[in-house]
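# Commentary on secondary and tertiary structure
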Amino acid sequence: MIVLEKRQHPSLWMGYLSPLLSIALTFVVAAMVVSAMGKDPLRVLSLFTLEPLNGKRAIGEVMLKATPLILCSLGLAFCFRSNVWNIGAEGQFLLGAIGAGGMAMWLTETGLTEPGWLWVTQALLLGALAGAAWAAITAWLRDRAHANEILVSLMLVYVANLLLSYLVFGPWKDPKGWNFPQTLRFADSLSIGRLGAGMRVHWGFVVALISAGAMVWLMYFTALGARLRVGGLAPGAARFAGFSSRESLWTVLLCSGAFAGLAGAMEVLGPMGQLTPHVSTGYGFTAIIVAFVARLHPLACVLASFLLSIMMIGGELAQSRVGLPASVSSMFQGVLLMMLLTFDSLIQYRIKWRGRPSKELAKHA
Amino acid sequence: MTNALRLSLKAISKSYGNLRANDKIDLDIKPGSIHAVLGENGAGKSTLMKLIFGLLQPDEGRIFLDGTEVRWQSPEHARAAGIAMVFQHFALFESLSVAENVWLGMDKSWSLAAVAEALKELTQHYGLSVDPNAFVHRLSVGERQRVEIARGLLARPRVMILDEPTSVLSPQAAQALFAMIRTLAKEGCSVIYISHKLHEIRELCDDCTVLRHGKVTGQVDPRQCNDEQLSALMIGSAPAPLLRAPRALSSPIVRLDAVSVPALDEAGERLNTVSLDLAPGEVLGIAGVSGNGQGLLLDLLSGELTSDAALMRRMKGHIFFENRAIESLGVRMRRRLGIMAVPAERLGRATVPELSLADNMFLAESKHAWRLDHQSLYRSAHDVVDAFAVKASSPKALASDLSGGNLQKFIMGRALALRPKVLLVSQPTWGVDVGASAQIRQQLLALRDSGAAILVISEELDELFQIADRIHVMYAGYLSAPVKRADATVELIGQWMGGSWLSHEHAAQAESATLQYEG
């Protein structure tokens, strides 16, 4: 029978090979599933990998989708490294959208739309604050009541979703919107500047890249980052050193909530231009996969965000051009995460074949 | 001659890296004998049992069962061959019944009903009194142990190993256990009884092998020996104290005043009105078997428990530093006062195994404002490695790459570099080779001579006799009065480690604490 045996030292090779093997095997599984559905696997694979990068505008779309993923995954990597399992980035994202969207709506209605860049910055900050406040609920419940942050943050996602639905179906609904659940369109000046003519990608992308750099600095060059890393690697050592677990809990959750909220705010003030129930296509959850593929390192989060962004766009293309169902995209993301967790286990363990005990005992009888 | 023995180990050796846990051990168990394996913690008993039970493979030596040589690859083999082991820590599912728990561990040919039937027969035959349908969460510790024993007995073992079984039992329950063991032995099963309690061994066992530092120091009939002879084999004679400067008396810098911390459950450590004085320029030793409250004492003094609000509420008494009550201060504040702790767990508590030595300096430093100064950490690590002769490739070496002895030298050096006024050390040379142990003890003495106050918690009496000025013994959360090194003998301390110094009422309290949990 097959046995997992703990290695003496973690395997360095597997540390690097694991993400690569996972990606490769995900594509293999994808090809198999797709051909079982009667579609041409090579065409689908090229839709997932090459098509999204076909041309300046396409690359712009990849960058656009990568922006919220980078921001959310940076915050999540920060949390996960400290053993705080924030699964509610999606909810914090939505609160950010609600915060910024609400402010933009009020500004548009009252005509306070100039100077655009000043209001946009404030709205983005409000969105970040709203996301942080949403995450603070989880932090507070874990701090005071030892509530499991996985459950609380996840359940708050549903609350956030319902809150958004309530607002866009109810008090914030555009009276001139033919009864569609959406707010009015925000004034043109209240949108984040584009990075190029004809492209939807905006300055938020640059902010995301800068945030990645800021995260690297925070985690590896500040005493706070060192305390958080120790707390994540060895909680016993953090206690020994007198590091406050309360400090780390609040820091990572507020930070992660702010990043997710900022991402939500950027979505709403960027490509969407209004609030609808479909502000997020699951960015908060996809970011969890991004964080793990990136092995929780900030710079790798950027690369992994691009990978997942390409996969998401590939999924949309596969739907429209080849007729694959909408769930194909999330299915591949799930397979990728599964493969990653499987191969990651080979870093600490190796596979060995052991004969069955009864057979071996017969040798000794 | 070998054919007459149930179990025979010949020249068994096992090393963990540099540490020779078992060194050419011979062990001969006769059929139907109750054979004690006696030794202090760290003597090599658990490694030896793991070898017999199939959890480990010996590096050298051979094992014979009823005259045939055997080599087990796993505990399943050993169990199938007739070796049963009852561990100190039970592996039972609380939400299932006794029969279900035992049934889970059997091979698939047994049905739940058959298991329940067999258990009923067993309990009648051996007087075990365990109800197969009872749920484990309702059982007391003693009853759970009986379940584990029943589980072992179902396989009709030829050798049954019991690891410190009375550590969780009241005296009455221990007597019931002894009756069961005698019945078992009469039927021909050999029993290996691991313990460090001399009176039990003399009462119960007919044969005894004594281990010390991985070697066999003697095989005797315990009924013919007295406590001193057994102690001498187990602990050896007291070594001479290391050279030290004469000590001038001064007023204590740390005082514990009737500190009590009740335990939350039967297995938890507790402290019962512990009072002690620690003066500058002295080494105060705390002897005793681990688990009697020493760990709790260290954690309380280091400040790590201050953030545990529930525990602090349960705590009574005061901790004074320079006449100031400091119970409510956390680790950082206490370090600023000059109190530094070196815990027994090196990897995962004193250091982070995945980080380098330079990064691990961060756990003890308090200089950094908000910026992390990598150079300064590197330099401090380099200084420690140099000053304390730590064998590491560089300060960038990971903590997990260092051997136990070198890591301990690093941890000590890191603590000493802070020039603490009070140093609290637990098991300073556990698992460390002889050379490094001597160096570490010299460092402790040098620190003492420079005027610091040192508290050393150690299971190794040798060590305490070498470096301590005064020695306390800890038992069941109670702390004995201190004994000056000149007045202390191995026999006295050895007896105290068994709790003989407790006054009648305290002894009764200690027993009733376990009685509550015994049905």
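The shown structure was predicted, so the numbers you read here are calculated from the model rather than taken from an experiment.

Conventions adopted
Residues numbered from 1 in each chain as written. Chains lettered and ligands numbered in written order. Predicted model: local features only at pLDDT ≥ 70, side-chain atom pairs only at ≥ 80, totals over all residues. Pairing = 2+ DSSP bridges. Helix = DSSP H or I, 4+ residues; strand = E, 2+ residues; numbered from the N terminus. Contact = placed C-beta atoms within 7 Å. Axes fitted to C-alpha atoms, helices over the stretch in contact; angles between N-to-C directions. Domains from an automatic or database assignment. Nonpolar A, V, L, I, M, F, W, Y, C, P; charged D, E, K, R; others polar. Parallel < 35°, antiparallel > 145°, perpendicular 65-115°, else oblique. Left-handed = near helix turned anticlockwise from the far one by under 90°. Expected span 1.5 Å × (residues − 1). Bend = angle between axes of the 7 residues up to and from the residue. Buried ≥ 20, exposed ≤ 12 C-beta atoms within 10 Å, placed from the backbone.

## Thoughts on the sheet that holds strand β11 (residues 254–261) of chain B
Residue and element names in this part refer to chain B. Strand order in the open sheet formed by four strands is β12-β11-β14-β15, and the pairing between neighbours is antiparallel. Each end of this open sheet is capped by a strand with a single partner; those strands are β12 (271–278) and β15 (324–325). As judged from the two bridges shared by strand β14 (residues 316–321) and β15, these two strands associate in the antiparallel manner. Opposite F320, over in β15, you have A325 as the bridge partner. Sitting on the sheet, helix α9 (residues 294–302) touches β11, β12 and β14, and the angle it makes with β12 is about 60°.

## Observations regarding the domain arrangement of chain B
The parts lose accessible area when they come together, and the size of an interface is often stated as this lost area. Residues and elements named next belong to chain B. Under the domain assignment, chain B is made up of domain 1 (2–235), domain 2 (240–329 + 423–433 + 453–519) and domain 3 (339–419). Opposite the 14 residues of domain 2 that make contact, domain 3 presents 10 residues. Residue assignment for the side of domain 2 that touches domain 3 shows that the elements contributing at least two residues are α9 and β17 (422–426). Looking at the side of domain 2 that touches domain 3, its residues break down into nine nonpolar, four polar and one charged.

## Regarding the interface of chain B and chain A
Counting from both sides, the interface comprises 28 residues of chain B and, opposite them, 19 residues of chain A. Of all the secondary structure elements, the ones that give two or more residues to the side of chain B that touches chain A are α2 (75–81) and α11 (331–337) of chain B. Across the side of chain B that touches chain A, the residue classes tally to 12 nonpolar, eight polar and eight charged.

## As for the packing of helix α3 (residues 56–81) of chain A against helix α11 (residues 283–293) of chain A
All names here are of chain A. Running from N to C, α3 and α11 point in directions that differ by 60°, and their axes come no closer than 8 Å. What the angle tells us is that α3 and α11 run oblique. Along this stretch, α3 crosses α11, giving a crossing that reads as right-handed. Two secondary-structure elements touch here, α3 through P68, L69, C72, S73, L76, A77 and F80 and α11 through Y283, G284, T286, A287, I288, V290 and A291. Classifying every residue of the contact of α3 with α11 by side-chain character gives 11 nonpolar, three polar and no charged.

## So, α3(A)
All names here are of chain A. A rise of 1.5 Å per residue sets the reference length of α3, with its 26 residues, at 38 Å; its end C-alpha atoms lie 36 Å apart and thus fit the reference within 8%. Approximately 30° is the largest bend angle found in α3, and it occurs at A66, with the proline P68 only one to four residues beyond. With 20 of its 26 residues buried, α3 lies for the most part within the structure. Taken from the residues just after α3, N83 is the one with a positive phi, measuring 60°.

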